[in-house]
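Notes for the structure review
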Amino acid sequence: MAFEDDLRTAMGADIQNDEIATQVWSALANVTWYHPESKQEAGYSFRAAGGLIADLRGNGDYMDWYCSGPYATVSDRIGRAMKKLGWIADTMPEICDEPGCLEFVSCWTPTEGGYRNTCGKHQPERAALKNR
Ligand SMILES: [Zn+2]
């Protein structure tokens, strides 16, 4: 995947530095990266972010980096290195899908029409689990 190749290029041998690897975890977990020119985007869960770092370092596994730093935090070093390759990070959490509401999403609720991503105030009733 292009993002992973670019991250590998951007970090180079620095990924072997534990402090840098921790910064990379923070810059991946719950962050959406956009590449406006190629219209690509990339995002990682806490676990997937740890897995990618283990991958880039060529040793260990996702647990070595899982929650190693604050999430959704892009350091200057990583932000600049990725911007140079065309990637821009969005660290702001998702916004409630209720029209007119600007609260952050805290509830992911399955409903009959699909998933709703809402703040606590607009959380819909969970759809009755049928066919069980
Ligand atoms: Zn809301």
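Summary of the structure given here. (Residues numbered from 1 in each chain as written. Predicted model: local features only at pLDDT ≥ 70, side-chain atom pairs only at ≥ 80, totals over all residues.)

Attention now goes to the overall build of the protein chain. Counting its regular elements, the protein chain contains 4 helices and 5 strands. Taken along its principal axes, the extent of the C-alpha atoms in the protein chain is 50 × 35 × 25 Å. By residue count, 20% of the 132 residues in the protein chain fall in the buried class. Relative to all contacts within the protein chain whose residues are 6 or more apart in sequence, the contacts with residues 24 or more apart total 46%. (Helix = DSSP H or I, 4+ residues; strand = E, 2+ residues; numbered from the N terminus. Buried ≥ 20, exposed ≤ 12 C-beta atoms within 10 Å, placed from the backbone. Contact = placed C-beta atoms within 7 Å.)

So, on to unusual backbone geometry. Here Asn30, not a glycine, exhibits a phi torsion of approximately 60°, which is positive. With respect to the element layout, Asn30 can be found in the loop between α2 (18-28) and β1 (32-35). C-beta crowding within 10 Å serves as the criterion here: with 17 such atoms nearby, Asn30 is assigned to the partly exposed category. Non-glycine residue Lys39 carries a positive phi angle of around 60°. Turning to its location among the elements, Lys39 is positioned in the loop between β1 and β2 (40-43). For Lys39, a count of 7 C-beta atoms within 10 Å translates into the label exposed.

As a packed pair, α2 and helix α3 (residues 46-57) sit with axes 9 Å apart at the nearest point and diverge in direction by 140°. Taken together, the axis directions place α2 and α3 in an arrangement best described as oblique. Between α2 and α3 the crossing geometry is right-handed. Only Ala49, Gly50, Leu52, Ile53 and Arg57 of α3 make contact with α2, whose side of the interface consists of Ala21, Val24, Trp25 and Leu28. Residues of the contact of α2 with α3, tallied by class, amount to 7 nonpolar, 1 polar and 1 charged. (Axes fitted to C-alpha atoms, helices over the stretch in contact; angles between N-to-C directions. Parallel < 35°, antiparallel > 145°, perpendicular 65-115°, else oblique. Left-handed = near helix turned anticlockwise from the far one by under 90°. Nonpolar A, V, L, I, M, F, W, Y, C, P; charged D, E, K, R; others polar.)

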